[in-house]
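# Geometric and topological summary
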Amino acid sequence: MDIVNIIAVVIAIASLLATLAHVGYLAMLNSAATKRAGGAPIATYVRSRWPVAGATTAGALVAWLFTAGGTVMDILAIVLAAGSAAVATKALQATQARYRSGG
């Protein structure tokens with residue numbers, strides 16, 4: 001196992017954690033919206049964000065699978081994982097900013 005592979009695996013795992021944080025936040029938000037009267041607009045917004053969450057999670061999983069290949073696949077895994085994590089993090093921050101309550 002070379003250093004590039006170790007770096008690729010660490011980045012892929014971090015990317016998967018970032019995407020799962022986005023999925024978890026959407027699931028929590030959707031659960032709260034469906035239990036609350038007047039939560040239909042939030043539930044609609046969450047439904048519109050599921051494709052982004054699914055695509056970034058799939059990208060992170062594919063990146064993790066790429067780490068089983070050679071050095072070229074490790075480099076592709078790093079690029080794909082970093083992209084998936086960046087998109088998921090930005091989407092999570094946008095959703096949190098939209099529904100942040102000042103408390």
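Look above for the structure.
What counts as what
- Residues numbered from 1 in each chain as written.
- Predicted model: local features only at pLDDT ≥ 70, side-chain atom pairs only at ≥ 80, totals over all residues.
- Heavy atoms only, no water.
- Helix = DSSP H or I, 4+ residues; strand = E, 2+ residues; numbered from the N terminus.
- Expected span 1.5 Å × (residues − 1).
- Buried < 20%, exposed > 50% of the residue type's maximum accessible area, 1.4 Å probe, protein only.
- Contact = heavy atoms within 4.5 Å.
- Patch = residues over 30% accessible without salt bridge, like charges linked within 9 Å, V, L, I, M, F, W, Y side chains within 5 Å.
- Areas by Shrake-Rupley, 256 points an atom, 1.4 Å probe, with all protein chains shown as cover.
- Salt bridge = Lys/Arg side-chain N within 4 Å of Asp/Glu carboxyl O.
- Axes fitted to C-alpha atoms, helices over the stretch in contact; angles between N-to-C directions.
- Parallel < 35°, antiparallel > 145°, perpendicular 65-115°, else oblique.
- Left-handed = near helix turned anticlockwise from the far one by under 90°.
- Nonpolar A, V, L, I, M, F, W, Y, C, P; charged D, E, K, R; others polar.

### Focus: helix 1 (residues 3-35)
The first and last C-alpha atoms of helix 1 sit 48 Å apart over 33 residues, in line with the 48 Å expected at 1.5 Å per residue. Within the span of helix 1, buried status applies to Asn5, Ala8, Ala12, Ser15, Leu16, Ala18, Thr19, His22, Tyr25, Leu26, Leu29 and Ala33. At its buried positions, helix 1 is contacted by helix 2 (40-66) and helix 3 (71-99).

### Observations concerning the environment of Asp74
Within the fold, Asp74 resides in helix 3. Look at Asp74 and you get buried, because its relative accessible area is 1%. Residues Asp74 and Ile6 lie 68 residues apart in sequence; the distance between their C-alpha atoms is 8.9 Å. With near-sequence residues (within four places) excluded, Asp74 lies in contact with Asp2, Val4, Asn5, Ala8, Phe66, Thr67 and Gly69.

### Regarding a nonpolar patch on the surface
A cluster of nonpolar residues, Met1, Ile3, Ile6, Ile7 and Val10, forms a patch on the protein surface that exposes about 540 Å² of accessible area. Mapped onto the secondary structure, Ile3 falls in helix 1. Exposure remark for Ile3: the relative accessible area of 57% places this residue in the exposed category.

### Remarks on the packing of helix 2 against helix 3
The interhelical angle for the contact between helix 2 and helix 3, taken along N-to-C directions, is 160 degrees, at an axis separation of 7 Å. On the basis of their axis angle, the class for helix 2 and helix 3 is roughly antiparallel. Considering only the axes of helix 2 and helix 3, their crossing is left-handed. Partitioned by chemical class, the residues of the contact of helix 2 with helix 3 number 17 nonpolar, 4 polar and 3 charged.

Nothing here speaks to function; it is all geometry.
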